[in-house]
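What follows is each chain in one-letter form.
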Amino acid sequence: MSEKWETFQGRVAEVRGRIEAACRRAGRSPEEVTLMAVTKTHPVEAAAWAARAGIHSVGENRVREAVDKITAAPDLPVRWELIGHLQTNKARAAATYFQRIQSVDSPKLATRLDRMAGELGKVLPVLLQINAGEDPNKFGAVGGEAMRLAEEALRLPHLRVEGLMTIAPLEGGRETARRAFAHLRELRDRMRTELGADLSELSMGMTGDLEEAVAEGSTLLRVGTALFGER
Ligand SMILES: *Cc1c(COP(=O)(O)O)cnc(C)c1O
């Protein structure tokens, strides 16, 4: 974030170029894929730059850090989404400040968020975080837990379950990432059939694996480093 606006614009163009190329190879339209700017560890100006560049979805992974930024710039035309692990004791703040929570990874957290959203008089959009690559270092529901989580979350009146989110395993490179993304899409398709839910959002792909994610059907890429530099 020490760079200039022009540098940032160049990076946005580069990322958009990567997305367009990946879409072309996959026979998809770039309109199907939303670019989210991940601004964690960067000052609130990063979100302002994103908005100015036409990126209106911003991801943060810590509640406290995000709330500071959101309250510092309440009029920014962006939607703030939580993409990091959420502890139940921060559920109220998260339900208050974020427009969507992508890291719902247990029935307990879902139930808690549902209650908070109910108290706030709103229906809270969420994604279910799945550990699709079964990486022991990552959060997210695994195996049979995932279907149970979806079943329970879909029943809660104050949550709107819009889809699934995953982070590819740290190890194994792009091929491993691609398998995890394919697994997430297949799981979503199974949930559609078995639970009758739409679940159209597939939040998968970051700086290092966005091409694989687009190839496997991603609808939302969460990109930090390629936009703002190394953290
Ligand atoms: C940090 C983060 C990203 C962005 O990662 P980059 O490699 O910097 O693009 C995406 N998703 C989540 C959940 C993150 O925590």
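Notes on the structure in this doc start here. Just so it is clear, the model here is predicted, and its values are computed rather than measured.

### Looking at the site of the ligand
Right, on to step 1. With respect to spatial proximity, the complete set of residues near the ligand consists of V38, K40, I83, I167, M206, T207, R222, V223, G224, T225 and R231.
Right, on to step 2. Within the contact set of the ligand, an oxygen atom lies 2.5 Å away from a side-chain nitrogen or oxygen of T207.
Right, on to step 3. Within the contact set of the ligand, a nitrogen atom lies 2.9 Å away from a side-chain nitrogen or oxygen of R222.
Right, on to step 4. Residue composition of the shell around the ligand, grouped by class: 5 nonpolar, 3 polar and 3 charged.

### Structural notes on unusual backbone geometry
Right, on to step 1. Of note in the backbone geometry, T41 takes a positive phi value of approximately 70° without being a glycine.
Right, on to step 2. Relative to the helices and strands, T41 is located in the loop between β1 (34–38) and α2 (45–52).
Right, on to step 3. Residue classification places T41 among the exposed positions, given a relative accessible area of 54%.
Right, on to step 4. Positioned with a positive phi, L199 is a non-glycine residue whose angle comes to about 50°.
Right, on to step 5. Position of L199 among the secondary structure elements: in the loop between α7 (173–195) and β7 (201–203).

### Some details on α2
Right, on to step 1. Within α2 the residues assigned to the buried category are A46, A47, W49, A50 and A51.
Right, on to step 2. Where α2 is buried, its residues meet α1 (5–26), β1, β2 (57–60), β3 (79–82) and α9 (225–228).
Right, on to step 3. Backbone geometry just after α2 places G54 at a positive phi near 90°.

### Here we look at the pattern of salt bridges
Right, on to step 1. Counted according to the given criterion, the structure contains 17 salt bridges.
Right, on to step 2. The salt bridge partner of E81 is R100, with a shortest N-O separation of 2.7 Å. Taken as a pair, E81 in strand β3 and R100 in strand β4 (residues 100–104) lie far apart in primary sequence, 19 residues in all.
Right, on to step 3. With relative accessibility at 1%, the residue E81 sits in the buried group.
Right, on to step 4. Judged by its relative accessible area of 3%, R100 falls in the buried class.
Right, on to step 5. Salt-bridge contacts for R185 lead to E216; the nearest nitrogen and oxygen are separated by 2.3 Å. With a gap of 31 residues between them, R185 in helix α7 and E216 in the loop between α8 (210–215) and β8 (220–223) connect regions that are remote in the sequence.
Right, on to step 6. It is possible to trace a salt-bridge network through shared partners that takes in R79, E81, R100, R160, E162 and E201.

### Quick notes on the packing of aromatic side chains
Right, on to step 1. For the coordinates displayed, the defined rule picks out 4 aromatic pairs.
Right, on to step 2. With a centroid separation of 5.3 Å and 10° between ring planes, the pair formed by F8 and F228 is classed as stacked. Within this pair, whereas F8 is found in helix α1, its partner F228 is found in helix α9, the two being separated by 220 residues in sequence. Each of the two residues, F8 as well as F228, counts as buried.
Right, on to step 3. Counting every residue linked through ring pairs, the aromatic cluster contains W5, F8, W49 and F228.
Right, on to step 4. One cation-aromatic arrangement involves R52 over W5; the distance from NZ or CZ to the ring centre is 3.8 Å.

Parameters and conventions
- Residues numbered from 1 in each chain as written.
- Predicted model: local features only at pLDDT ≥ 70, side-chain atom pairs only at ≥ 80, totals over all residues.
- Heavy atoms only, no water.
- Near = heavy atom within 4 Å.
- Polar contact = N/O pair within 3.5 Å; in protein donor to acceptor, adjacent residues only side chain to side chain.
- Nonpolar A, V, L, I, M, F, W, Y, C, P; charged D, E, K, R; others polar.
- Helix = DSSP H or I, 4+ residues; strand = E, 2+ residues; numbered from the N terminus.
- Buried < 20%, exposed > 50% of the residue type's maximum accessible area, 1.4 Å probe, protein only.
- Contact = heavy atoms within 4.5 Å.
- Salt bridge = Lys/Arg side-chain N within 4 Å of Asp/Glu carboxyl O.
- Phe/Tyr/Trp six-rings, centres within 6.5 Å; stacked < 30°, edge-to-face > 60°.
- Lys NZ or Arg CZ within 6 Å of the ring centre and 35° of its normal.

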